[in-house]
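Chain by chain, the residues:
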Amino acid sequence: MAHGQDGERRTGGRPRELSAGAAALAARCEPRVNALARRMAREVFGQLRGYPELPAEVKDVEIAATARHGMRLFLRGATGRPGPDALEYFQERAARRAEEGMPLHLLLRTYTLGGQELFRALRETARPDERDALAELAEALFASIDRVVGAVAESYLDERTALAAERHERRHARARALLEGRPPAGASTPDGPALVLCLRFPDSPPTGGSPGSPVTVRRLVRRVQAVLDRVFGTDVPALLGADGGHAVVPGGAEPPTQTTELLREAAGAGVRLAVAGAAGTADIPRAARLAAEVVRVAAACGRPPGLHRLDDVLLEYHLSRPSEGSDRIAALLDPLAGRPELAETLRTHLEERQDRRATARRLNLHPNSVDHRLARIQELTGVRLADPRDTALLLAALLLRETDPGVTG
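Residues numbered from 1 in each chain as written. Predicted model: local features only at pLDDT ≥ 70, side-chain atom pairs only at ≥ 80, totals over all residues. Heavy atoms only, no water.

This next bit is on the pairing of strand S3 (residues 194-200). Judged by how many residues are buried, S3 sits mostly within the fold: six of seven residues are covered. Summarising the sheet, S3 and strand S5 (residues 244-250) pair through seven bridges and their orientation is antiparallel. Bridging from a neighbouring strand, leucine 195 pairs with valine 249 of S5. In this structure, S3 lies alongside strand S6 (residues 272-278), joined through seven bridges in antiparallel fashion. Within S6, the residue paired with cysteine 198 across the bridge is alanine 274. (Buried < 20%, exposed > 50% of the residue type's maximum accessible area, 1.4 Å probe, protein only. Helix = DSSP H or I, 4+ residues; strand = E, 2+ residues; numbered from the N terminus. Pairing = 2+ DSSP bridges.)

And the structure:
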C-alpha cells in the first residue's frame, strides 16, 4: 500500500504528482490509520484460511504494524511528504514471515485485503464533489499494491529458497558423516542402531523430462526424499543423485509395507531398494556397502525390482564374492560373447529355477525355442544344466561378470 516518497503515480510509464484534491482527501483519511490497522489485524484478515492459527503477537503486533506502516506511507506519499524506502521495509517483513513458515498465499492476501480496506476508508471519507480525487487515489493505490506485492513475493521466495538450501546442506552433511561412520556435527541423540538403505533408480523418470537433466534429477530426488520422510516419520538423512544413493534411518525400524509402492510412484517401476541393519554409527559404512552389494547382486541375477534383503540373495551373494578362482569361473561364459540372447536365456532360466515354461513366458518364446537355446549354451560352454555343480558354476560366472568389473569379461 506504499505509494512512494514524493507522492508520484505512474501514468503511461511517466511519474506525475497527485492533484491537490487527491492530496487533501488522503490527508483527511490519515487519522483513521491506527483504527483501520487494528480492525484489519483482528477482524478483516480473520477470514483468511490459516490466519486464526497464527500466534497472537504476529497478528496483533507484526501484521498490524505492517498494515499501519503501509497505509500511512501511502497516504503521506499522496500528500507529498517524504517517507522511508517502502519496498525495503516490506521485503524485510516478508523474509521474516518466510522464516516463520507463514504461507505465501496468506501473506499476499493480507496486502490485497488491506488495500481494499484502505480504499473503502477513502471512499467513506470522500465528499460527493471528490469523485475525481477518489478515482485518482484508487489508481495510485492499485499501482502501489501491485508494486509492493511483487516485491514481497520475490523477497519471500528468495528467503524460502535460502532456507531450503540450508536445510538441504545440513541434511547432506549429516548423511555424509553417518555414511563415513562419524557422529553428525551437533548430534544430540545417543548413538544407537540404524537402518541403512541403498536405492537404485531406473533410467527413465516416471513423470517425463530428460533423463539425467539437472531439473529432472532435482525433482526425482525431492520426490524420493519426501517418500522417505513420510514413511519413516522423520527427517531422513540421505545422499541421492541421478542413479540413486544411500539413506540412514535412526532406530533401525523396518521399512513400512507401503514403502516400495510409494517409491515406485516417485522414481518409477524399476526402482530397487536394499536394506541392512547397523549396530551403531561406526557400523553404518559396512551396512551401506552391504546394501549396495545386495542391490547389485539382485539386479545381476534377474530379481524383479523392489525391496531386497541379504537373505533374499544369500546364495547369489556368496557366489559373487571374488576370489583367486573368479577369473576362471567367469571365463566359462566367454564362448557366449556376442550372443546376448543366449546369456539372457541362461540368466532367466536360472532365475526361474530351471523351469523351461516359466522361462519361455518371461522371454516371450515358445518352450521349444528355450530348449534349443539351452542346448546351444551347453554345447558352447561344455557344462551340463542337469548337473547341480555345473549349474552353480554358471550362476557364479554370471554374477561375477555382472558385479565385478575386474574379472574376465
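The rest of the description comes next.
Turning our attention to the layout of surface pockets. Of the volumes computed, that of the second largest pocket is approximately 410 Å³. Lining the second largest pocket are 14 residues, and of these Ala164, His168, Val221, Arg222 and Gln225 sit closest to its centre. Elements represented by at least two residues in the lining of the second largest pocket include exactly helix H6 (131-179), helix H7 (214-232) and strand S4 (238-240). Per-element tally for the lining of the second largest pocket: the top contributor is H7, with seven residues. Along the lines of polarity and charge, the residues of the lining of the second largest pocket split into six nonpolar, three polar and five charged. (1 Å grid on protein atoms, 1.4 Å probe; cavity = no way out; pocket = protein on both sides within 12 Å on 5 of 7 lines; lining within 4 Å. Points joined across faces, edges and corners; volume = space filled by probe spheres on them. Nonpolar A, V, L, I, M, F, W, Y, C, P; charged D, E, K, R; others polar.)

This next bit is on the nonpolar core. Core analysis: the largest hydrophobic core is formed by 47 residues, its most contacted members being Phe45, Tyr51, Phe74, Leu75, Leu122, Leu137 and Val152. Broken down by secondary-structure element, the contributors of at least two residues to this core are helix H1 (20-29), helix H2 (33-42), helix H3 (56-78), helix H4 (86-100), helix H5 (104-125) and H6. Looking at this core element by element, the count peaks at 11 residues for H6. Contact partners of leucine 122, with chain neighbours within four places excluded, come to Leu25, Ala26, Cys29, Phe74, Leu75, Leu134 and Leu137. (Core = buried A, V, L, I, M, F, W, Y, C linked by side-chain atoms within 4.5 Å. Contact = heavy atoms within 4.5 Å.)

Adjacent strands of a sheet form backbone hydrogen bonds with each other and so pair up, either parallel or antiparallel. Spatially, five strands are ordered S4-S5-S3-S6-S7 in an open sheet, and the strand pairing comes out mixed. Looking along the sheet, the strands with just one partner apiece sit at the ends: S4 and strand S7 (307-308). Each of S4 and S5 is contacted by H6, which is oriented at about 100 degrees to S4, the strand it contacts most. Most of the contacts of helix H9 (residues 284-300) go to S6, to which it runs at about 150 degrees, and overall it touches S3, S5, S6 and S7. (Axes fitted to C-alpha atoms, helices over the stretch in contact; angles between N-to-C directions.)

Turning our attention to the pairing of S5. A large share of S5 lies buried, amounting to six of its seven residues. Looking at chain direction, S4 and S5 are connected through three bridges and run antiparallel. In the sheet register, leucine 239 faces S5, and the bridge partner there is histidine 246. Linkage of S4 to S5, two consecutive antiparallel strands, is achieved through a turn of three residues.

Attention shifts here to empty space enclosed by the protein. Summed over all chains, the structure comprises one cavity of 30 Å³ or more. Residue lining of the largest cavity: 13 residues in total, with Ile63, Thr66, Ala67, Thr110 and Tyr111 positioned closest to the centre. For the lining of the largest cavity, the secondary structure elements donating two or more residues are H3, H4 and H5.

Time to look at the confidence of the model for the protein chain. Mean pLDDT for the protein chain: 85, with 89% of residues reaching 70 or above. At the level of individual helices and strands, the protein chain shows its lowest average pLDDT in strand S1 (residues 8-11), which scores 37, and its highest in S3, which scores 95. (pLDDT = per-residue confidence, 0-100.)

Their axes nearest at 10 Å, the elements H5 and H6 cross at an angle of 165 degrees. As summarised for this structure, H5 and H6 are arranged roughly antiparallel, according to the angle between their axes. Where H5 crosses over H6, the two elements pack in a sense that is right-handed. Where H5 abuts H6, its residues Leu104, Leu107, Leu108, Tyr111, Thr112, Gly115, Leu118, Phe119, Leu122 and Arg123 lie against Leu134, Leu137, Ala138, Leu141, Ile145, Val148, Val149, Val152, Ala153, Tyr156 and Leu157. Tallied by class, the residues present in the contact of H5 with H6 amount to 18 nonpolar, two polar and one charged. (Parallel < 35°, antiparallel > 145°, perpendicular 65-115°, else oblique. Left-handed = near helix turned anticlockwise from the far one by under 90°.)

The tally for this structure, following the rule as stated, stands at 33 salt bridges. Two residues, glutamate 130 and arginine 28, come together in a salt bridge whose shortest N-O distance is 2.6 Å. Taken as a pair, glutamate 130 in the loop between H5 and H6 and arginine 28 in helix H1 lie far apart in primary sequence, 102 residues in all. Given the relative accessible area of 7%, glutamate 130 is considered buried. Here glutamate 293 ties to arginine 296 by a salt bridge, and the two come within 3.2 Å at their closest N and O atoms. Of the two residues, glutamate 293 and arginine 296 are both situated in helix H9; the distance of three residues between them amounts to about one turn of the helix. Each of Glu62, Glu92, Arg93, Arg96, Arg97 and Glu100 takes part in salt bridges that share partners, so that together they form one network. (Salt bridge = Lys/Arg side-chain N within 4 Å of Asp/Glu carboxyl O.)

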